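Here is what each chain is made of, one letter per residue.
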Amino acid sequence: MGLLETRVKEANVSRVLNKFARFRALNNYSAHYNGRIRVLWQEALLNVTVLLVTAQMVDLKVFCRLLNTSVYITIVYGFNDGVSRKVLWTDLIGLVPSVDLGWLVLEDFNIVRTMDDKIGRHPLVKWEMLDFNSCLNWCSLDELYFQGGPFTWTNNQDGDARGWSRLDWAFFNPLWLRAFLDSIMRILPSRTSDHSPLLVLLGVQAAFKKSFKFLNCWIANARFLELVASAWDSVVFGTPIYRLFSKLKKAELSMLAQKAKITHLKLSDSNTAYFYSAVAARRHLSVVGSIVDHHGQVCSSPDVVAAAFCGYYQSLLGTTSPVAPLSLTTIQSCYCLNASEADSLSVPISPTEIRAALFSMGSNKSPGIDGFSVKFFKASWSIVSSDFCGVVNDYFRHGRLLRYASTTVNSLIPKKASACSVLDYRPISC
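Summarised in this report is the structure supplied together with it. (Residues numbered from 1 in each chain as written. Predicted model: local features only at pLDDT ≥ 70, side-chain atom pairs only at ≥ 80, totals over all residues. Heavy atoms only, no water.)

## With respect to the packing of aromatic side chains
Describing an aromatic ring pair means giving the distance of the ring centres and the angle of the ring planes.
Phase 1: Going through the model one piece at a time under the given rule, you end up with 20 aromatic pairs.
Phase 2: Judged by centre distance (5.5 Å) and plane angle (90°), the ring pair of Phe-214 and Trp-218 falls under edge-to-face.
Phase 3: With a centroid separation of 5.2 Å and an interplanar angle of 70°, the aromatic rings of Phe-214 and Phe-376 are classed as edge-to-face. Taken together, the residues Phe-214 in the loop between strand 15 (198-201) and helix 5 (224-232) and Phe-376 in helix 12 (residues 374-379) connect sequence positions 162 residues apart.
Phase 4: Among the residues examined, Phe-214 registers a relative accessible area of 4% and is labelled buried.
Phase 5: Classification of Phe-376 as buried rests on a relative accessible area of 0%.
Phase 6: Grouping aromatic residues by their ring pairs yields a cluster made of Phe-214, Trp-218, Phe-224, Phe-359, Phe-372, Phe-376, Phe-377, Trp-381 and Phe-388. (Phe/Tyr/Trp six-rings, centres within 6.5 Å; stacked < 30°, edge-to-face > 60°. Helix = DSSP H or I, 4+ residues; strand = E, 2+ residues; numbered from the N terminus. Buried < 20%, exposed > 50% of the residue type's maximum accessible area, 1.4 Å probe, protein only.)

This is the structure we're talking about:
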């Protein structure tokens, strides 16, 4: 627990800490006469090693006994003026070479990142924001996903003099997500201070089974068509769609087995590390660690979070309402097809038409529920075309699909940056 601006004189520290008998404590009086930063922790849960203490930050290595995990945590309290904060930016950048674990940097930086992080008449200094963002880039730090209001500080003045700013932040490096992908920060309501408290929840990664996704780059493998042909040589009995999905499953297993044999991959792209850190950061943003359900209750465990979303959308979509019966007169008043036109609708679709429809689709579109992309079917058309066309024609003749083939994946898209309620998400079918 990090405490800033406690206004406790050094002579009174011992007396105040007696109220926190279960906690160990450290401060930065050695670097600043006001002791601007104070850190409290329970030794039964955490082993804390002090690495660096300055006037604007305390850098720690923390071992969590329950999770058997070590990370770096840096508590920051930046000075009010941009010139003095330059020392803070230099100190943070100086830590980077020694960071070989997950790193969390948080608390009061006393500076905003963009013009949107402030409301009020007090002008912003652009070079100060530029220094802040440049430091984050140098340190490869990304903002931790947060829930709560957009601002963390107010001057508590009345009328037009009132101002709000986002001065308190939490940032992480790519290695942090390896241990705590589900971590989020909550901006709590302020009670007495002009700053809102920050609460970081580490979360526990849900053990959800990952679905198969065909990667288009696999097509470049010299054995790609050989693996597909091997799966298609198998004899499968059943409906056309069952035969297609069974062979796709065999192709999936063959490709995963081939992937497991790759022990080393040389990449020439100098931005590979940056690319994967960006992917990890994007995955972090897709995690819903906790949510407020439509009854106002906070849900934190993965199963309860999932149930909260299902319950909310079932309440919207699960109700029935009377439907007016169809009017035969209305139907007959519309244009009706003649016999020749009606027969043309039931003519079997030719393989040429099916191929044209498939090849008109974008190759890089998201894969279907089976995990295979459009590009897979294009690249292996000489092998899979017969089964593929058989499924299409069978559907138009009998109108039946496997339940697995008719399902879809719903993605939850947040309506705003700090989404914290089921009402803040919009479902989109993929």
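Now, onward.
## Overview of the environment of Ala-55
Phase 1: Mapped onto the elements, Ala-55 comes out in the loop between strand 4 (46-53) and strand 5 (57-64).
Phase 2: When its relative accessible area of 17% is taken as the criterion, Ala-55 is described as buried.
Phase 3: Here Ala-55 is in contact with Asn-28, Ala-31, His-32, Arg-36, Tyr-77 and Phe-79, once residues within four sequence places are set aside. (Contact = heavy atoms within 4.5 Å.)

## Topic: the sheet that holds strand 15
Phase 1: Strand order in the open sheet made by the 3 strands is 10-14-15, with mixed pairing throughout. Lying at the two open borders of the sheet, with one neighbouring strand each, are strand 10 (146-147) and strand 15.
Phase 2: In this structure, strand 10 lies alongside strand 14 (residues 184-187), joined through 2 bridges in parallel fashion. Its bridge partner lying in strand 14, Phe-146 is registered against Met-185. (Pairing = 2+ DSSP bridges.)

## So, the pattern of salt bridges
Phase 1: Overall, the coordinates contain 8 salt bridges when judged by the stated rule.
Phase 2: A salt bridge links Arg-24 to Glu-43, with the shortest nitrogen-to-oxygen separation between them at 3.0 Å. On the criterion of sequence distance, the pair formed by Arg-24 in strand 2 (residues 24-27) and Glu-43 in the loop between strand 3 (37-41) and strand 4 is long-range, its members being 19 residues apart.
Phase 3: Using a relative accessible area of 39% as the deciding quantity, one classes Glu-43 as partly exposed.
Phase 4: In this structure, Glu-128 engages Arg-85 in a salt bridge whose closest nitrogen and oxygen atoms are separated by 3.0 Å. Placement of the pair is Glu-128 in helix 3 (residues 126-138) and Arg-85 in helix 2 (residues 82-95), with a sequence separation of 43 residues.
Phase 5: On the accessibility criterion, Glu-128 (16% relative accessible area) is buried.
Phase 6: A single salt-bridge network, built from bridges that share partners, covers Arg-113, Glu-143 and Arg-166. (Salt bridge = Lys/Arg side-chain N within 4 Å of Asp/Glu carboxyl O.)

## With respect to the environment of Cys-64
Phase 1: Relative to the helices and strands, Cys-64 resides in strand 5.
Phase 2: A relative accessible area of 16% places Cys-64 in the buried class.
Phase 3: For the pair formed by Cys-64 and Val-48, sequence separation is 16 residues and the distance between their alpha carbons is 8.9 Å.
Phase 4: Ignoring sequence-local partners within four residues, the contact set of Cys-64 consists of Leu-45, Leu-46 and Thr-69.

## Quick word on the sheet that holds strand 8 (residues 118-119)
Phase 1: Strand order across the open sheet formed by 3 strands is 8-12-11, with antiparallel pairing between neighbours. Every interior strand has two partners, whereas the edge strands, strand 8 and strand 11 (153-154), have only one.
Phase 2: Pairing analysis gives 2 bridges linking strand 8 to strand 12 (residues 164-165), with the strands arranged antiparallel. When the sheet's bridge partners are listed, Ile-119 is paired in strand 12 with Trp-164.

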